[in-house]
Amino acid sequence: MKGLFLIMLIGIAALVSNAQDAAEKINAANEALQAKDYAKAFTLYEEALNNIGDVQVDNSINYNVGFAAYKADNFEGAIKYFNLAIEAEANVANSYEYIANSYNKLKKYTNAVETYEKAASISEAEDAKSMIYNGAIAAYKGKLYDKAIELFGQSVENDYKGETALFYKAVVLKKQDKDDEYKATLEEGAEKFPGDKKIAPALAKVYVSEGNETYKKGVEILNAANQKVNDGSLSTEDDAYTAEVTKAKAEFEAAAEILEKAVKLDSSNANASTLLDACKKNLTI
């Protein structure tokens with residue numbers, strides 16, 4: 001009986017010692033967190049929580065542990081402890097945001113998008129807008145293009161980084177080979193955000209491409225007519241030749257109209273200026 005009593009005393013003493021050690025480690029972890037020594041803070045927190053004994057600790061401490069893990073680039077650890085913080089109903093919206101950020105860092109983009117949307121659904125209005133935009137970026141990085149278009153569109157509606165959201169929505173549409181929608185989105189962006197340094201040059205390039213195709217049609221018509229003159233089957237005095245030149249000029253006029261829009265959007269676009277000059281030159285024939 002005496003031996004059993006001694007074993008119990010030793011066991012109780014060990015529990016007290018462990019509890020005291022855990023409490024001291026939590027205090028030290030708090031100090032490390034304040035000092036921004038995040039890796040040390042996380043290690044101390046986790047050691048304490050794994051050997052907590054009977055020490056009463058508010059479950060909200062899991063948010064601190066998750067934050068320390070995140071700042072120490074321990075993203076798996078961050079996800080674990082922020083989830084525990086959510087279970088404890090501690091800083092829930094922020095916890096979801098950090099979980100989403102962690103998935104993003106881990107390039108688990110599907111999980112990131114889902115979690116950003118969850119964060120948005122329970123966040124204050126302005127914070128929710130940020131979460132939607134971050135979700136759009138994650139979807140873009142993860143090549144989840146339909147979701148990216150949806151969330152970038154929401155960002156535009158939310159008036160949150162609208163010009164950037166519209167530009168990336170256009171980029172995604174381009175990646176999906178939806179050229180008409182790409183152009184329409186850029187035109188929407190140019191109208192809403194005139195002079196934007198990404199949207200305007202991108203739309204100018206679209207117009208240059210269209211203008212070039214139209215210009216080439218005019219050149220083909222004119223070259224074909226001139227070839228007939230060279231072959232002797234047609235004279236420059238013939239009405240048929242005049243009709244072909246008129247057709248070519250119509251194409252040059254149409255091309256010039258498109259290219260003028262390109263130059264207006266981006267005066268530094270050398271191709272736009274060169275093609276516009278060529279169109280004007282051919283119109284004097």
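Small disclaimer: the values here were computed from a predicted structure and weren't measured.

**Thoughts on the overall build of the chain**
Thinking step 1. When helices and strands are counted, the chain shows 13 helices and zero strands.
Thinking step 2. In sequence order, the chain lays out its α and β elements as α-α-α-α-α-α-α-α-α-α-α-α-α.
Thinking step 3. Relative to its length of 285 residues, the chain is extended, with a C-alpha radius of gyration of 33 Å against a globular reference of 19 Å.
Thinking step 4. Viewed in the frame of its principal axes, the chain has a C-alpha envelope of about 130 × 35 × 30 Å.

**Focus on helix α3 (residues 61-71)**
Thinking step 1. The element α3 is extensively covered by neighbouring structure, given that nine of its 11 residues are classed as buried.
Thinking step 2. Within α3, burial applies to I61, N62, Y63, V65, G66, F67, A68, A69 and Y70.
Thinking step 3. Looking at the residues trailing α3, positive phi occurs at D73, about 65 degrees.

**What about the nonpolar core?**
Across soluble globular proteins, nonpolar side chains have a tendency to be buried as a group.
Thinking step 1. L33, Y45, F82, F152, Y182 and L186 are the most contacted members of the largest nonpolar core, which has 86 residues in total.
Thinking step 2. With 11 residues, the top contributor of residues to this core is helix α11 (residues 199-231).
Thinking step 3. Beyond its immediate sequence surroundings of up to four residues, F152 is in contact with Y133, A136, I137, Y140, A165, Y168, K169 and V172.

**Some remarks on unusual backbone geometry**
One can expect most non-glycine residues to show negative phi and most peptide bonds to be in trans.
Thinking step 1. At K36, a position not held by glycine, the phi torsion is positive, near 65 degrees.
Thinking step 2. For K36, the location among the structural elements is in the loop between α1 (2-34) and α2 (38-49).
Thinking step 3. You will see that N91, though not glycine, has its phi angle at about 50 degrees, which is positive.
Thinking step 4. Positionally, N91 belongs in the loop between α4 (75-87) and α5 (92-105).

**A look at the packing of aromatic side chains**
Thinking step 1. Counted according to the given criterion, the structure contains 13 aromatic pairs.
Thinking step 2. The structure contains a cluster of three or more aromatic residues connected by ring pairs, namely Y38, Y63, F67, Y70, F75, F82 and Y98.

**Description of the packing of α4 against α5**
Thinking step 1. Two elements in contact, α4 and α5, have axes whose closest approach is 9 Å; the angle formed by their N-to-C orientations is 160 degrees. In this view, α4 runs roughly antiparallel relative to α5, as classed from their interaxial angle. Along this stretch, α4 crosses α5, giving a crossing that reads as left-handed. Contact residues: α4 offers F75, A78, I79, F82, N83, A85 and I86, while α5 offers V92, S95, Y96, Y98, I99, S102, Y103 and K105.
Thinking step 2. Residue composition of the contact of α4 with α5, grouped by class: 11 nonpolar, three polar and one charged.

**A closer look at the pattern of salt bridges**
Thinking step 1. Overall, the coordinates contain 12 salt bridges when judged by the stated rule.
Thinking step 2. For E213, the salt bridge identified is with K216, shortest N-O distance 3.2 Å. Taken together, the residues span about one helical turn, with E213 and K216 both in helix α11 at a distance of three residues.
Thinking step 3. One salt-bridge network, held together by shared partners, links D21, K25 and E47.

**Overview of the packing of α5 against helix α6 (residues 109-122)**
When two helices pack together, their arrangement is given by the angle between the helix axes and the distance between those axes.
Thinking step 1. It is at 8 Å that the axes of α5 and α6 come closest, and there the two elements cross at 165 degrees. Judged on the interaxial angle alone, α6 and α5 are roughly antiparallel. Taken as a pair, α5 and α6 cross one another with a handedness that is left-handed. Only Y109, N111, A112, T115, Y116, K118, A119 and I122 of α6 make contact with α5, whose side of the interface consists of V92, A93, Y96, E97, I99, A100, N101, Y103 and N104.

**Thoughts on the confidence of the model for the chain**
Thinking step 1. On average, residues of the chain carry a pLDDT of 91, and 92% of them reach 70 or more.
Thinking step 2. Low pLDDT (under 50) marks residues 1-16, which in the prediction has zero contacts with non-local residues, meaning those over four places away or in another chain.

**Points about the environment of E257**
Thinking step 1. Along the polypeptide, E257 turns up in helix α12 (residues 239-265).
Thinking step 2. On a C-alpha basis, the gap between E257 and I122 in space is 50 Å, while along the polypeptide they are 135 residues apart.

**Points about the side chain of S95**
Thinking step 1. Inspection of the secondary structure puts S95 in helix α5.
Thinking step 2. Non-local contacts of S95, meaning those with residues more than four positions away in its chain, are made with Y63, F82, A85, I86 and A90.

**Some remarks on the environment of V206**
Thinking step 1. Mapped onto the elements of the fold, V206 is located in helix α11.
Thinking step 2. Separated by 129 residues in the primary sequence, V206 and G77 place their C-alpha atoms 47 Å from one another.

Rules used in this analysis
Residues numbered from 1 in each chain as written. Predicted model: local features only at pLDDT ≥ 70, side-chain atom pairs only at ≥ 80, totals over all residues. Heavy atoms only, no water. Helix = DSSP H or I, 4+ residues; strand = E, 2+ residues; numbered from the N terminus. Rg over C-alpha atoms; globule rule 2.2 N^0.38 Å. Buried < 20%, exposed > 50% of the residue type's maximum accessible area, 1.4 Å probe, protein only. Core = buried A, V, L, I, M, F, W, Y, C linked by side-chain atoms within 4.5 Å. Contact = heavy atoms within 4.5 Å. Phe/Tyr/Trp six-rings, centres within 6.5 Å; stacked < 30°, edge-to-face > 60°. Axes fitted to C-alpha atoms, helices over the stretch in contact; angles between N-to-C directions. Parallel < 35°, antiparallel > 145°, perpendicular 65-115°, else oblique. Left-handed = near helix turned anticlockwise from the far one by under 90°. Nonpolar A, V, L, I, M, F, W, Y, C, P; charged D, E, K, R; others polar. Salt bridge = Lys/Arg side-chain N within 4 Å of Asp/Glu carboxyl O. pLDDT = per-residue confidence, 0-100.

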